[in-house]
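The chain contents come next:
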Amino acid sequence: MATFIVLLGPPGVGKGTQARILAEHLKLAHISSGDLFRENLKGQTELGRLAQTYMNKGELVPDDVTIAMIRERLTRPDCKAGAILDGFPRTTAQADALEKMLKEFGGKVDKVPYVTAPEKVLVERLSGRWTCRAQGHVYHDKNNPPKQAMVCDIDGSELYQRDDDKSETVVRRIQVYLEQTAPLIAYYRSRGTLVEIDGTQNIEKVTKAFMSALEK
Ligand code: AMP
C-alpha cells in the first residue's frame, strides 16, 4: 500500500529541506505545492500567472486551482509508492479534498509530522534563505551556506532570493499560516496521525527526529 506523509508547519520551519531528504531516503515522490506554482510561473502558464498574484502578497492561491494541480500531480507514475506532501494541504477544504482523493486512489494520509519553531526563528530563516533557480534547492546564508556563494552545490544553478521571502511578505505569510493553516493541527491530531517535531534544531537533528517519528 502506498504511503502518504503530510508535512505541516509554518513557512521557514524547514519543511522543504526535510521533505527532499525524506523523499530520497524513503523512495517517495516529493510534492511541493509552492515549487509547482513556481514551475508554472517560470513556464509562464495561465496557472503560473494566476498564482503569482497571490504569492507576491503572501496570500494563498484559491483552493479549487490548488486542489486540481495536486490531483494531477498525484496521478503521475512516481506517486505509485506514495508521496511526501510539502505545503499542501494549507486549508481545511484542501485537507478534506486530499482525504477524498487518496481514498479514490486507495490510500490515506498515514502520518503528519508537525514541525514547530518560534516566529523569531522563522523570520530569521526566511530572510536569510537563498533558493536555486533550476530545482528549488534551499540554502541559508548562516545555517546552511552553499560551498560557493550564489551557486547551488547540487546543480550549479544561480541562487536567488524569492520575492515572497522579503520581510514585508514574510510577516503576512506567517499571519496567513496562523489563520488558515494552523487549524489543521487539530484536524490531524483528532485523526491520530499528528507527530510533533522540534524544528529549532539543526538539519541533521531534525531529520533524525523525523525518522524516529515516522518509524513509530
Ligand atoms: P511555499 O513555497 O510552500 O512557501 O509556497 C509559496 C506560496 O505559494 C504560498 O505563499 C502561497 O501563495 C502559494 N501556495 C503554496 N502552497 C499552497 C497551498 N497549498 N494553497 C494555497 N496556496 C499555496
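A few points about the packing of helix H2 (residues 33-42) against helix H4 (residues 63-74)
- Look at H2 against H4: their axes get within 11 Å of each other, and the N-to-C directions meet at 95 degrees. The orientation of H2 relative to H4 falls into the category roughly perpendicular. Between H2 and H4, the contacting residues are Ser33, Leu36, Phe37 and Asn40 on the first element and Thr66, Met69, Ile70 and Arg73 on the second.
- Looking at the contact of H2 with H4 residue by residue, the classes come out as four nonpolar, three polar and one charged.

What to know about the pairing of strand S1 (residues 3-7)
- Judged by how many residues are buried, S1 sits mostly within the fold: four of five residues are covered.
- Where S1 meets strand S3 (residues 82-86), five bridges bridge the pair, whose relative direction is parallel. Bridging across to S3, Ile5 finds its partner in Ile84.
- Where S1 lies against strand S4 (residues 109-116), two bridges are found, and the strand directions are parallel. Bridged to Ile5 within S4 is Lys111.

Side note on the site of the ligand
- Taken together, 16 residues lie around the ligand, and Ser33, Arg38, Glu59, Gly87 and Gln94 are the ones closest in.
- Between Arg38 and the ligand, the recorded distance is 2.9 Å, taken from a side-chain N or O atom to an oxygen atom.
- Taking Arg162, its side chain carries an N or O atom lying 3.1 Å from an oxygen atom of the ligand.
- When the ligand is considered free in solution it has 470 Å² of accessible area, and contact with the protein chains removes 95% of it.
- With four residues, the top contributor of residues to the shell around the ligand is H2.
- In terms of residue class, the shell around the ligand is made up of five nonpolar, five polar and six charged.

Quick look at the sheet that holds strand S8 (residues 194-198)
- Pairing within the open sheet is parallel, and its five strands lie in the order S2-S3-S1-S4-S8. Only two strands of the sheet have a single neighbouring strand rather than two, namely strand S2 (29-32) and S8. Neighbour to neighbour, the strand axes of the sheet diverge by 20 degrees on average, direction disregarded.
- Packing against the sheet, H2 makes contact with S2 and S3, and its axis sits at approximately 70 degrees to S2.

Quick notes on the rules
Residues numbered from 1 in each chain as written. Predicted model: local features only at pLDDT ≥ 70, side-chain atom pairs only at ≥ 80, totals over all residues. Heavy atoms only, no water. Axes fitted to C-alpha atoms, helices over the stretch in contact; angles between N-to-C directions. Helix = DSSP H or I, 4+ residues; strand = E, 2+ residues; numbered from the N terminus. Parallel < 35°, antiparallel > 145°, perpendicular 65-115°, else oblique. Contact = heavy atoms within 4.5 Å. Nonpolar A, V, L, I, M, F, W, Y, C, P; charged D, E, K, R; others polar. Buried < 20%, exposed > 50% of the residue type's maximum accessible area, 1.4 Å probe, protein only. Pairing = 2+ DSSP bridges. Near = heavy atom within 4 Å. Polar contact = N/O pair within 3.5 Å; in protein donor to acceptor, adjacent residues only side chain to side chain. Areas by Shrake-Rupley, 256 points an atom, 1.4 Å probe, with all protein chains shown as cover.

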